[in-house]
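One letter stands for each residue in the lines below.
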Amino acid sequence: MERLRWTWIWLPPFAGAASLLFGAISIPPLLLGIVLIATVLAAVHHAELIAHKVGEPFGTFLLALAVTVIEVGLILTLMLQGKAGAETLARDTVFSAVMIILNGLIGAFILFGALRHREQSFQQVGVSASLATLCTLTVLTLVLPNFAASAGPFYAPSQLAFVAIVSLLLYLTFVMVQTVRHRDYFLPPEEAAADLEAHAPPPSGRQTLLSGLLLVACLVEVVLLAKALAPAIEEGVAGAGLPHAVVGVVIAALVLLPESVAAVRAAMANRLQTSLNLALGSALATIGLTIPAVAVLSLFQGLPLALGLDSRGIVLLSLTLLVATQSLATARTTVLQGVVHLVIFGVFVFTTLVP
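Scoring rules and cut-offs
- For every chain, the first residue of its written sequence is number 1, and the numbers climb from 1 along that sequence.
- It should be noted that, the model being predicted, local features are given only for residues of pLDDT at least 70 and side-chain atom pairs only at 80 or more, the latter also being counted only at that level, while totals for whole chains, interfaces and linings use all residues.
- Excluding hydrogens and water, the side-chain figures rest on all heavy atoms present in the structure.
- To obtain each axis, a line is fitted to C-alpha atoms, and for helices this fit is confined to the stretch in contact; angles are then taken between N-to-C directions over 0 to 180 degrees.
- Labels follow the DSSP assignment, with helices taken as runs of H or I lasting at least four residues and strands as runs of E lasting at least two, numbered in each case from the N terminus.
- Here the angle decides the label: under 35 degrees means roughly parallel, over 145 means roughly antiparallel, 65 to 115 means roughly perpendicular, and every other value means oblique.
- We call a crossing left-handed when the near helix sits turned anticlockwise from the far one by less than a right angle, and right-handed when that turn is clockwise.
- Whether two residues are in contact is decided by their heavy atoms, any of which lying within 4.5 Å being enough.
- Salt bridge, as used here: a side-chain nitrogen of Lys or Arg that lies within 4 Å of a carboxyl oxygen of Asp or Glu.
- We call a residue buried when its accessible area falls under 20% of the maximum for its residue type, exposed when it is over 50%, and partly exposed in between, using a 1.4 Å probe and counting protein chains only.
- Only Phe, Tyr and Trp rings take part, Trp by its six-membered ring, and two of them pair if their centres are within 6.5 Å. Stacked means planes under 30 degrees apart, edge-to-face means over 60, and tilted covers everything else.
- Here a helix's expected span is defined as the number of its residues, less one, multiplied by 1.5 Å.
- This arc describes the spread of directions from the helix axis toward the C-beta atoms.

### With respect to the packing of helix α7 (residues 157–181) against helix α12 (residues 272–301)
- Packing of α7 against α12 brings their axes to within 9 Å, and their N-to-C directions diverge by 150°. Relative to α12, the element α7 lies roughly antiparallel. Along this stretch, α7 crosses α12, giving a crossing that reads as left-handed. Along its contact with α7, which presents Pro157, Leu160, Ala161, Ala164, Ser167, Leu168, Tyr171 and Phe174, the element α12 presents Leu284, Ala285, Gly288, Leu289, Pro292, Ala295, Ser298 and Leu299.

### Regarding the pattern of salt bridges
- Counting across every chain of the model gives two salt bridges.
- Ionic pairing is found between Arg91 and Asp92, a salt bridge with its closest N-O pair at 3.2 Å.
- By relative accessible area, which is 26% here, Asp92 ends up partly exposed.
- Across the pair Arg332 and Glu119 runs a salt bridge whose closest N-O atoms are separated by 3.2 Å. Of the two residues, Arg332 is situated in strand β2 (residues 332–333) and Glu119 in the loop between α4 (89–117) and β1 (120–121); the sequence distance between them amounts to 213 residues.
- You can call Arg332 partly exposed: its relative accessible area is 39%.

### Remarks on the packing of aromatic side chains
- Within the structure shown, the criterion is met by three aromatic pairs.
- Relative to Phe186, the ring of Phe174 has its centre 5.8 Å away and its plane inclined at 90°; by these criteria the two rings are edge-to-face. With Phe174 in helix α7 and Phe186 in the loop between α7 and α8 (190–197), the pair connects residues that are 12 residues apart, well separated along the chain.
- Of the residues examined, Phe174 reaches a relative accessible area of 6% and is grouped as buried.
- The exposure class of Phe186 is buried, given its relative accessible area of 1%.
- By the ring-pair criterion, three or more aromatic residues cluster together here, those being Phe95, Phe345 and Phe348.

### Quick look at helix α14 (residues 335–353)
- End to end, α14 covers 27 Å across 19 residues, agreeing with the expected 27 Å (1.5 Å per residue, within 8%).
- Listed as buried for α14 are Gln337, Gly338, His341, Ile344, Phe348, Thr351 and Thr352. Projected down its long axis, α14 carries its buried residues within an arc of 165°, all on one side. Turned more than 90 degrees off the buried face of α14, the exposed positions are Leu336 and Phe350.
- Against the buried residues of α14 lie α4, α10 (245–255), α13 (311–327) and β2.

### With respect to unusual backbone geometry
- Residue Arg118 is not a glycine yet carries a positive backbone phi of 65°.
- The exposure class of Arg118 is exposed, given its relative accessible area of 71%.
- Of note, the phi angle at Asn270 is positive, near 65°, even though the residue is not glycine.
- Assignment of secondary structure puts Asn270 in the loop between α11 (257–268) and α12.
- The class of Asn270 is partly exposed, set by a relative accessible area of 21%.

Following this line, the structure appears as structure tokens:
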């Protein structure tokens, strides 16, 4: 059993690295996909080990931050390549990530958690603070460009710089509140504390350091493997006659896999607060870090950056934010909330496939 555990810890990162090194020899997309899934599961294992060591909400924050930083690097790299659609890449990726997180991911872990535990609880004050911050960030970055800029969906350079600074300051303020000033707002409620105390003893410092290094390696490999799979995905989408926006949705889903698996597993273990911290923290980091980064690149490189959503996107985003604030307003969740969010996610996917 110990040998199997160490094989699981070491094999996926090395398999991912080997796939990237020998990617030029045309590794079949199916094999790359299998390696990607194994690397995702290994990343979740290391993230959960670190979270168990540092405690909440630091564990979920570290995973969300690590994935988002690497995702930002991927977006910046693709933007600098200057391919067709580069000006809308950041917008499409951020919007897809928000819809996947707030509808697909939250709907899934609420539904699965409710099926196992009937009803689950969480800290209302922390979730409300997260949603208020998220609503502000999404409207400023994805909706306001259509109405505040004369060349919407493009912000004027001064407007783009201002929104980038405000977004980063708002995200940093949220992080300070979550991890320092009001950390207790984001901890599990008292009735779930017994489940947390039943966990195995925390890992040693050496184990935590090793898992931290392997987590970073796994996350880098997840993004690079997703990028390597992008051409095959584009060919498949084009061959099926689907809109090019589907590529962004698929890549966003692949990048979010580690957080998604971790969030669903936490909800199944009756740790809904951990799942919500991870999901909402990921959505906030996606906007609060991505938009300032691409704004700086756009301003200094003179690259066009379209941020404003079309009318369909604005309607779906507005519905998502409204339903999220209502379904998470009682500090308790049931099957109904999960189904509602999944229905909205289904509408998002269907209208993307059939615009």
